[in-house]
Amino acid sequence: MELYLDTGNLNEIKELSDILRIDGVTTNPTLVSKERKNIIDLLDEIIEVIGEDKIVHAQVVSKDYQGMIEEAEFLSKRYKNIYVKIPVTVDGLKAIKELSNEGIKTTATAVFTAHQAALAAKAGACYIAPYVNRLDNISGEGVKVVKDIIKIINNYDFNTKVIAASFKNSQQVIDVIKEGVHSITVPADVMKSMMGHPLTDYSVDKFIFDWERAFGEGTKVT
Ligand code: E4P
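Keep in mind that what you see is a predicted model, and the values were worked out from it rather than measured.

About the cut-offs
Residues numbered from 1 in each chain as written. Predicted model: local features only at pLDDT ≥ 70, side-chain atom pairs only at ≥ 80, totals over all residues. Heavy atoms only, no water. Patch = residues over 30% accessible without salt bridge, like charges linked within 9 Å, V, L, I, M, F, W, Y side chains within 5 Å. Areas by Shrake-Rupley, 256 points an atom, 1.4 Å probe, with all protein chains shown as cover. Salt bridge = Lys/Arg side-chain N within 4 Å of Asp/Glu carboxyl O. Helix = DSSP H or I, 4+ residues; strand = E, 2+ residues; numbered from the N terminus. Buried < 20%, exposed > 50% of the residue type's maximum accessible area, 1.4 Å probe, protein only.

Undergrad: Please set out a nonpolar patch on the surface residue by residue, giving values where relevant.
TA: A cluster of nonpolar side chains, contributed by Val204, Phe207 and Ile208, occupies part of the molecular surface with about 290 Å² of accessible area. Relative to the elements of secondary structure, Ile208 occurs in helix 11 (residues 198-215). The exposure class assigned to Ile208 is partly exposed, which follows from its relative accessible area of 43%.

Undergrad: Account for the pattern of salt bridges, naming residues and giving values.
TA: Considering all chains together, one arrives at eight salt bridges under this definition. Close ionic contact of Glu45 with Lys37 constitutes a salt bridge, the shortest N to O distance being 2.8 Å. On the basis of relative accessibility, which here comes to 30%, the residue Glu45 falls in the partly exposed class. A salt bridge links Arg213 to Asp210, with the nearest nitrogen and oxygen atoms 3.5 Å apart. Note that Arg213 and Asp210 are positioned in helix 11 at a spacing of three residues, about one turn of the helix. Relative accessible area serves as the criterion here: at 63%, Arg213 is assigned to the exposed category.

Written out as structure tokens, the structure is:
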């Protein structure tokens, strides 16, 4: 399972990449805009923190085919380990096909249906990013769509991974993991909610209490 941080915030990236074995970072125009930095400056800083061997997924902002191609070519020339996020629209599908022909790695993003995913995989997308919470918010079934997409990709042996995105709680995350999703990208608050449990803290305190009562305060395993 690949694990990504869904944020453009350097403090969050520093804190969580120090703790967890992450495969990289995903951003989108909204996440970049929150940092109030030029995207290239921000991506440079992110890569400096996580290391050049890790992956970044960064998105184009053009809506038209030609604009998407130009932005994707620009990003892929500058960064070795980048997957250019292209929204799955008519222009987006055409761009994914062309970029795949050029050997530029893409992540088909803003995916809400298995139909979009099937066409993006066929067009040559390396990753497909279905948005779980945004679907759940409109009474859709985010996890079910992820499950369908995984099945399609496995059925046809597409050289494409599913990177499930848009999470608002840890249940959504665990539900897609149980379906065997290849990758997840998780915002910092949801990631932190997955990293422990009050009963774990209670149990650790109890272990230490029992130990110190028997062996004395501050004694270690030696
Ligand atoms: C990831 O690639 C997406 O940009 C992101 O997960 C969208 O999440 P949101 O629905 O929380 O904005």
